[in-house]
4 protein chains.
Amino acid sequence: MSIRVTVWSEYRHEQNPGKPQEVYPNGMHNAIADFLKSQPGLEVRTATLDEPEHGLTEEVLANTDVMTWWGHLAHGEVKDEIVDRVQNAVLEGMGLIVLHSGHFSKIFRRLMGTTCNLKWREIGEKERLWVIDPAHPIANGLGEYFEIPHEEMYGERFDIPQPDELVFVSWFAGGEVFRSGCCWHRGRGKVFYFRPGHETFPVYYQEEVRKVIANAVRWAAPPETAVPEFGHRPEPLEKL
Amino acid sequence: MSIRVTVWSEYRHEQNPGKPQEVYPNGMHNAIADFLKSQPGLEVRTATLDEPEHGLTEEVLANTDVMTWWGHLAHGEVKDEIVDRVQNAVLEGMGLIVLHSGHFSKIFRRLMGTTCNLKWREIGEKERLWVIDPAHPIANGLGEYFEIPHEEMYGERFDIPQPDELVFVSWFAGGEVFRSGCCWHRGRGKVFYFRPGHETFPVYYQEEVRKVIANAVRWAAPPETAVPEFGHRPEPLEKL
Amino acid sequence: MSIRVTVWSEYRHEQNPGKPQEVYPNGMHNAIADFLKSQPGLEVRTATLDEPEHGLTEEVLANTDVMTWWGHLAHGEVKDEIVDRVQNAVLEGMGLIVLHSGHFSKIFRRLMGTTCNLKWREIGEKERLWVIDPAHPIANGLGEYFEIPHEEMYGERFDIPQPDELVFVSWFAGGEVFRSGCCWHRGRGKVFYFRPGHETFPVYYQEEVRKVIANAVRWAAPPETAVPEFGHRPEPLEKL
Amino acid sequence: MSIRVTVWSEYRHEQNPGKPQEVYPNGMHNAIADFLKSQPGLEVRTATLDEPEHGLTEEVLANTDVMTWWGHLAHGEVKDEIVDRVQNAVLEGMGLIVLHSGHFSKIFRRLMGTTCNLKWREIGEKERLWVIDPAHPIANGLGEYFEIPHEEMYGERFDIPQPDELVFVSWFAGGEVFRSGCCWHRGRGKVFYFRPGHETFPVYYQEEVRKVIANAVRWAAPPETAVPEFGHRPEPLEKL
């Protein structure tokens, strides 16, 4: 059975002339979606901010197993009711993969309960991502580390809850470290934060980055467990 | 140096004739505060929902190291701006101890990012709290378990993020289990959820329950670490 | 590609007349293996204590992706060199599923670093296993809880490291609780402890128990990550 | 009440002419112990490998709340019976702070269950330790990071169980990262691994390093919880 993936992106940088448009002429979402479409067992669609309901209608969510999320300039334009909808979907089992500047999206901050703040610097320095947990399926197929030749720096302190599982830690040439691959369970859903992906560098074309996203999609696919019944339970299970 | 504690409570049940008022004639907050005042090194005040700003002015928060929170009927009446204020205080280092039905408070749900839903039953059955992590300071001075003769039942699935440290698991006579003592770090602050404390039973007079709350207050006292600088960092730490 | 499973069992109880033999005439290992053989994508063999090298030759280990382990009477008879071999295999990626009284096996204690001690009582009381983490793949296909009508009781304090992921907590009629489904990563390998399976009750014929074991086998399959290079690294990755 | 600390060290490097002796003329243990003695509420003694029973008699252990451990050349000379004794002490509540090359000590590997292997390089490069968890008491009094101008490099993959709490991550000039401050509970005891401290650099004279060790001693002090009763429990707590 296929995993149904919705690749969501703000899609603003790439609509105007400039570096992001040169790097991603069809938008970052299509670069990600095109790759995922080439993977067996995935059914992939895209959705973007300026579509009605940001492309995230009830119907789309009902047919999404895993969503990836990239946003940057326009976090504030994402409507609270759509954030509610995505949060509910996650708590009911949908996987969510938050990419790069999505750390500051309403949905990620909502699910984390913290500011999700960090340090950043945009001089295109080298990033080296070390595999900290080689037993983790999200690291499948990787070597001990991989490098991104030019990236925006994100540095600790990254204000997130301690990850349930920490998969990657980044080294930056300028002197910082960062927890670059972080897993959490929230409700019946799984959340993965993956750091790379500044809009001015061709990061989402890089093989290792794509491998991680594909692995994360499989890891984050919804469980088939029963939905818990919450609320009042009139009768005890045992005779008292 | 003293730990400055603010015991917050909704204080509604106990203002009207009935079981809660009989059990806690001065309100639950005073039962908790009176005990904490008897402990060395704690400076204790109370605050309640119906005071201006719910008793949680900027000035009170600036002078609070650890807050305890009990609410039930009126979670919806807590103003969002005060929830923002308390959340910020936690992220900046204030400890927060959420008691019993406080699981459904805005502040706890905000910090957790999940529904915080659970099962419940009100027949006054027996609860037995097992110490799962005897190395934890919140279990100091306890035996292997303690019992509360009559309590409301809370049952799993409890929809919370996996605790960083799980201190207690409850057994209920009616057949359920519950993660009754759960620790998380959020920002520079610490959060402890402690299950017992239904308003119709004299739970907050019980010695073990009081010991746990006092231990938790000490555990949750703010760290003295530097406040991280977030945001743009123009210069790398290393020469590139 | 198939997952190659080795079902290991002490196979002593069932060789002599008595309840275990009545319940498992071909041994517990065959009851488990026969079920796993019926599952798609698994290649299953068995191995037992009294075979040469306990059936766990270098060749067998080199061809095992996931091992299940049941032992009870004869933990002390397992040779240390075989324990070394199994430990190495786990650290290099083999999954290990430790069942019931296997909590006291040399291999489990070795991997945990603690006594793995617990409380126990053998009156055949009821056990109810609650799903604590419905997002976890090991809970796939289960309801909110399942019951085993008659089981040996295992009670907390269970002296193990805090699980990386806690999937099940058991309620026992006699008043105890127990962390019944616990996950850890060790090296490149995954370890799952699953509580049920006393030799005098037909637990390994129960549908939910079988589902959990099958789920755990899939969860514990080895990663395809690079083997880390350890030791001396003469040259820095960066020019200094 | 004082915390009784035993500072254990191999004390071999410093007995022969060379860099370690120049840096630590009275041995590393005395450099650490002298500092700890200056801290309020600590009672400090030392013990070294070449004393009878490595200085770790039953009597010493019975009077130790927290032990620090530094070893390097002679891990293999530590007698297994003394390792058993220290492991038992930890499981019964003694805190253990493992320093630098102590990662490869028998006691640390025993408590972790993994190889505890890592990468290393000895060119005296810069290490910068980032505070990852500013809510943690072991980070008390520190800034956002601190630097050690010249250190041996230790690099990931560090083959340890996922820490219960990750306090520091190191950046190394040569391109590696490392989980430099890691907490675990084992039995009723607490274990902290702290990376810095190569024998040829004056690391244990550095203020921040000393602050971390002092904080860790306080964090690791034994709990006052009841010792769990393990084993057979003939009677249920509840009537069945």
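Residues numbered from 1 in each chain as written. Chains lettered and ligands numbered in written order. Predicted model: local features only at pLDDT ≥ 70, side-chain atom pairs only at ≥ 80, totals over all residues. Heavy atoms only, no water.

Caption draft 1: Structural detail: the overall build of chain A. What chain A contains, in helices and strands, is six helices and 10 strands. Taken over C-alpha atoms, the radius of gyration comes to 18 Å for chain A, in line with the 18 Å a tight globule of 240 residues would show. Taking the principal axes of the C-alpha coordinates as reference, chain A spans close to 65 × 40 × 35 Å. For chain A, restricting intrachain contacts to residue pairs at least 6 apart in sequence, the fraction spanning at least 24 positions comes to 71%. Surface accessibility of chain A: about 8,000 Å² in total, with carbon and sulfur atoms responsible for 49%. In chain A, 25 side chains carry a positive charge and 36 a negative one; their mean positions are 2 Å apart. (Helix = DSSP H or I, 4+ residues; strand = E, 2+ residues; numbered from the N terminus. Rg over C-alpha atoms; globule rule 2.2 N^0.38 Å. Contact = heavy atoms within 4.5 Å. Areas by Shrake-Rupley, 256 points an atom, 1.4 Å probe, with all protein chains shown as cover. Lys, Arg positive; Asp, Glu negative; His and termini not counted. Charge placed at Lys NZ, Arg CZ, Asp CG, Glu CD.)

Caption draft 2: Here's a closer look at the packing of aromatic side chains. All told, the structure shown has 54 aromatic pairs over all chains when counted by the stated rule. Ring centres of B:F192 and B:F194 lie 6.0 Å apart, and the angle between their planes is 20 degrees; this geometry places the pair in the stacked category. Here the two residues B:F192 and B:F194 agree in accessibility, since each one is buried. Ring geometry for D:W8 against D:W69: centres 3.9 Å apart, planes inclined by 15 degrees, an arrangement best described as stacked. Within this pair, whereas D:W8 is found in strand 1 (residues 3–9), its partner D:W69 is found in strand 3 (residues 66–70), the two being separated by 61 residues in sequence. (Phe/Tyr/Trp six-rings, centres within 6.5 Å; stacked < 30°, edge-to-face > 60°. Buried < 20%, exposed > 50% of the residue type's maximum accessible area, 1.4 Å probe, protein only.)

Caption draft 3: Region of interest: the interface of chain D and chain C. Facing the 40 residues of chain D at the interface are 40 residues of chain C. In this assembly, chain D and chain C are joined by two salt bridges. Among the ionic pairs, D:E176 bridges to C:R233, the shortest N-O distance being 2.6 Å. Where chain D packs against chain C, one counts 20 residue pairs in polar contact (both at pLDDT 80 or more). Here the element with the most residues in the side of chain D that touches chain C is strand 5 (residues 119–131) of chain D; it accounts for five residues. Within the side of chain D that touches chain C, the residues separate by chemical class into 15 nonpolar, 12 polar and 13 charged. (Salt bridge = Lys/Arg side-chain N within 4 Å of Asp/Glu carboxyl O. Polar contact = N/O pair within 3.5 Å; in protein donor to acceptor, adjacent residues only side chain to side chain. Nonpolar A, V, L, I, M, F, W, Y, C, P; charged D, E, K, R; others polar.)

Caption draft 4: Just the environment of D:H198, in detail. All names here are of chain D. Checked against the element boundaries, H198 lands in the loop between strand 9 (189–194) and helix 6 (207–220). For H198, a relative accessible area of 1% corresponds to the buried category. Between the C-alpha atom of H198 and that of D65, which follows or precedes it by 133 residues, the distance is 25 Å. Leaving out residues up to four positions away in the same chain, H198 has contacts with H100, E122, E151, E152 and V203. There is a polar contact of 3.5 Å between the side chain of H198 and the side chain of H100.

Caption draft 5: Here's a closer look at the pairing of strand 5 (residues 119–131) of chain A. Bridging between strand 5 of chain A and strand 6 (residues 145–155) of chain A involves eight bridges; their strand directions are antiparallel. Its bridge partner lying in strand 6 of chain A, A:R121 is registered against A:M153. Bridge count for strand 5 of chain A against strand 10 (residues 231–232) of chain B is two bridges, and the pairing is parallel. Pairing of A:K119 across the sheet is with B:G231, part of strand 10 of chain B. (Pairing = 2+ DSSP bridges.)

Caption draft 6: A look at the relation of the copies chain D and chain C. With an RMSD of 0.0 Å, the operation that places chain D on chain C is a rotation of 180 degrees combined with a shift of 0.0 Å along the axis. What we have between these two chains is a two-fold relation. Minimal C-alpha distance to the rotation axis in chain D is attained by D:G113, lying at 2.6 Å. When the interface residues of chain D are mapped onto chain C, 100% of them again lie at the interface, so the same face is used by both copies. (Least-squares fit on C-alpha atoms with pLDDT ≥ 70 in both.)

Caption draft 7: Geometry of the packing of helix 2 (residues 28–37) of chain B against helix 6 (residues 207–220) of chain B. Residues and elements named next belong to chain B. In contact at an axis separation of 11 Å, helix 2 and helix 6 are set at 70 degrees when each is read in the N-to-C sense. The orientation of helix 2 relative to helix 6 falls into the category roughly perpendicular. Helix-helix and strand crossings are classified by hand; for helix 2 and helix 6 the assignment is right-handed. Taking contact as the criterion, the partners of A31, F35 and L36 in helix 2 are, on helix 6, R210, K211, I213, A214 and V217. Counted by class, the contact of helix 2 with helix 6 contains six nonpolar, no polar and two charged residues. (Axes fitted to C-alpha atoms, helices over the stretch in contact; angles between N-to-C directions. Parallel < 35°, antiparallel > 145°, perpendicular 65-115°, else oblique. Left-handed = near helix turned anticlockwise from the far one by under 90°.)

Caption draft 8: Structural detail: the interface of chain A and chain B. On the side of chain B, 40 residues touch chain A, which itself brings 40 residues to the contact. Carbon and sulfur atoms supply 59% of the area buried between chain A and chain B, which totals about 3,200 Å² over both sides. Area buried by chain A at its contact with chain B is led by A:K119, A:F230 and A:R233, which between them contribute 18% of it. Put simply, chain A and chain B have two salt bridges between them. The interface formed by chain A and chain B holds 20 residue pairs in polar contact (both at pLDDT 80 or more) in total. At the level of elements, helix 4 (80–91), helix 5 (106–112), strand 5, strand 8 (177–186) and strand 10 (231–232) of chain A are the ones that each hand at least two residues to the side of chain A that touches chain B. The leading source of residues in the side of chain A that touches chain B is strand 5 of chain A, at five residues. (Buried area = accessible area lost by both parts, 1.4 Å probe.)

Caption draft 9: Spotlight on the side chain of C:T68. Residue and element names in this part refer to chain C. Mapped onto the elements of the fold, T68 is located in strand 3 (residues 66–70). Among the residues examined, T68 registers a relative accessible area of 0% and is labelled buried. When near neighbours in sequence (up to four residues on either side) are disregarded, T68 contacts T6, V7, W8, I97 and L99.

Everything listed here is a matter of coordinates, which is why it stays silent on function.
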